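# Observations on the three-dimensional arrangement
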Protein chains: 4
Amino acid sequence: MIKMNQPSADISYRIPFADTDQMGVVYYANFLIYFEMARAELMRSLGLPYSKFEELGFGLPVLEAHCFYHKPAKFEDFITITATVLELKGVRLKVGCTVKRGEELLADGYTLHAVIGKDGRPIRPPVELLNAISENSCEKDAGQ
Amino acid sequence: MIKMNQPSADISYRIPFADTDQMGVVYYANFLIYFEMARAELMRSLGLPYSKFEELGFGLPVLEAHCFYHKPAKFEDFITITATVLELKGVRLKVGCTVKRGEELLADGYTLHAVIGKDGRPIRPPVELLNAISENSCEKDAGQ
Amino acid sequence: MIKMNQPSADISYRIPFADTDQMGVVYYANFLIYFEMARAELMRSLGLPYSKFEELGFGLPVLEAHCFYHKPAKFEDFITITATVLELKGVRLKVGCTVKRGEELLADGYTLHAVIGKDGRPIRPPVELLNAISENSCEKDAGQ
Amino acid sequence: MIKMNQPSADISYRIPFADTDQMGVVYYANFLIYFEMARAELMRSLGLPYSKFEELGFGLPVLEAHCFYHKPAKFEDFITITATVLELKGVRLKVGCTVKRGEELLADGYTLHAVIGKDGRPIRPPVELLNAISENSCEKDAGQ
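In short, a report on the structure. For clarity, every value in this text was computed on a predicted model and none was experimentally measured.

### Some thoughts on helix 1 (residues 30-45) of chain B
Residue and element names in this part refer to chain B. Taking 1.5 Å of rise per residue, the 16 residues of helix 1 would be expected to cover 22 Å, and the 23 Å separating its terminal C-alpha atoms lies within 8% of that figure. Among the 16 residues of helix 1, 14 are classified as buried, and the element is accordingly described as predominantly covered. Just beyond helix 1, the residue with positive phi is glycine 47, at close to 80°.

### Re the relation of the copies chain B and chain A
In screw terms, the move from chain B to chain A is a rotation of 180° and a rise of 0.0 Å along the axis, fitting with an RMSD of 0.0 Å. Such values leave the two copies arranged in the relation of a two-fold axis. The position closest to the rotation axis in chain B is occupied by the C-alpha of histidine 66 of chain B, lying 2.3 Å away. The share of interface residues of chain B whose copies in chain A are also at the interface is 95%, consistent with both copies meeting through the same surface.

### Details of the state of the cysteines
Throughout the structure, instances matching the rule amount to zero disulfides over all chains. Take cysteine 97 of chain A: it sits in no disulfide, and the sulfur closest to it among the cysteines is that of cysteine 67 of chain A, at 8.9 Å.

### Some thoughts on the relation of the copies chain B and chain D
At an RMSD of 0.0 Å, chain B and chain D line up after a rotation of 180° and a shift of 0.0 Å along the axis. By residue overlap, the copies meet face to face through one surface: 94% of the interface positions of chain B are interface positions in chain D.

### Section: the interface of chain B and chain A
At the interface, 22 residues of chain B touch 21 residues of chain A. Roughly 1,900 Å² is buried in total at the junction of chain B and chain A, and carbon and sulfur atoms are behind 58% of that figure. Taken together, chain B and chain A are joined by zero salt bridges. Our count for the contact surface shared by chain B and chain A stands at 13 residue pairs in polar contact (both at pLDDT 80 or more). Going through the elements one at a time, helix 1, helix 2 (50-55) and strand 2 (62-69) of chain B are the ones with two or more residues in the side of chain B that touches chain A. The element contributing the most residues to the side of chain B that touches chain A is strand 2 of chain B, with eight residues. Of the residues assigned to the side of chain B that touches chain A, the class counts are 15 nonpolar, three polar and four charged. Relative to strand 2 of chain B, strand 2 (residues 62-69) of chain A runs antiparallel, the two being bridged by five bridges.

The rules behind these values
Residues numbered from 1 in each chain as written. Chains lettered and ligands numbered in written order. Predicted model: local features only at pLDDT ≥ 70, side-chain atom pairs only at ≥ 80, totals over all residues. Heavy atoms only, no water. Helix = DSSP H or I, 4+ residues; strand = E, 2+ residues; numbered from the N terminus. Expected span 1.5 Å × (residues − 1). Buried < 20%, exposed > 50% of the residue type's maximum accessible area, 1.4 Å probe, protein only. Least-squares fit on C-alpha atoms with pLDDT ≥ 70 in both. Contact = heavy atoms within 4.5 Å. Disulfide = S-S within 2.5 Å. Buried area = accessible area lost by both parts, 1.4 Å probe. Salt bridge = Lys/Arg side-chain N within 4 Å of Asp/Glu carboxyl O. Polar contact = N/O pair within 3.5 Å; in protein donor to acceptor, adjacent residues only side chain to side chain. Nonpolar A, V, L, I, M, F, W, Y, C, P; charged D, E, K, R; others polar. Pairing = 2+ DSSP bridges.

Listed below in structure tokens is the structure:
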């Protein structure tokens, strides 16, 4: 179930030579790095940078990653990567991502994460994250 | 539909520091590189290394990539990555992958590819690939 | 011989998890990627993006890369990478790079490149590059 | 000063698509990953895998990395990377590396490391490393 008004954040990125492969396009695994860049920005935008999240004793290991490739990204492209909280349910967090060049959708997908504590076991997310997500949603709700 | 007797191939790999992240485990995007290593081995084992495939005027861009993370992989782990042809149907090739440390399943998933020609458009796979897959399947069938 | 008033350019970059290793710092090879990001920006700032440089039939393969690591870079650090033309002499281009976090120097070094033509052989740089570098230097000279 | 009979070790590696860039060759930063793969093998061959080294409370951060690129490495090349202890002097360890395809030298270079303790400060290397290096040298001496 995808809800409206999910918190989201985006970053811009200029594609370096490093990310290309000999087909002359961005190597497919790098899109998961782009996803992570935007997820980290999303956490920062929620007032809970991942480094702070870790300090609080939590982790967000990836359980699943899915990427759909629509059009190739190329060297020197200036892309925008957007991450959106799709769902936070129990100990699971699902984050959607899109990679665009201007209005063109190059790739999209999502990652599913477990919220874990210091012992590596699943644990309820910190109130900071729950609040950040609900506040952020509310703010957006209020704005409509 | 997953069929029996699919051609498969595997490679071994010792995990370098480069692949880890600050959680002390292999960074999640790297598993797609592991998938690719095994896919390339699979093509070689079919007598059709990817470089030859390209020389014949074909390409295999990735349309989708899916990875399920079960257990973390760590620095210096000696892992085995296996790629298997799950399906070759029309202009689509689906390849399954597993990443194991000994008997432990660390991750699995699959990639979906389009077979394209020099003009970048979908095209029937070369007979070399069709033959390689059917011969390989037959050999295995015969052995059972 | 290092001359004054060399053209230079810089970019900013937020360090993703992807770049770290299990020592909790940026993996050392990634600094060469940072160098390249700034070199590409340098070429763009000279009005000769690398993609255009290639279209003109030229290449800039790396002959040497040297990096000196002063302080570790960490996840979420916001760094500035600066590339400077140190020398363009005959068919050789030497580009210096620094990686800073605010005023702190994290790493520096340089890369040495050959200017090559379509046949892969060393060739005099295109006038566009020579002009860009001398004009850029002149502008800076004029400004002092 | 480079001494004879330095301990060395090598590994083999099949180049994946992931390592190439749009020039159709291995991206230059990846050679530092190759260096690290061979360094890790060198430590293992000395009976002191890096993970054990870390358990003993030591670290080997890189102070300098230098790479000289002679010939391009390509997709599917089967390369051999060799790491050699060039010098262990005080708290500094210098390791030389070569990357070859058969007899062809593709790249070489070296990394300079500090031996550090848990507090991050330079410290004399563990006797295990000193012994491993001297024993290994002696064995080789004896063999001549």
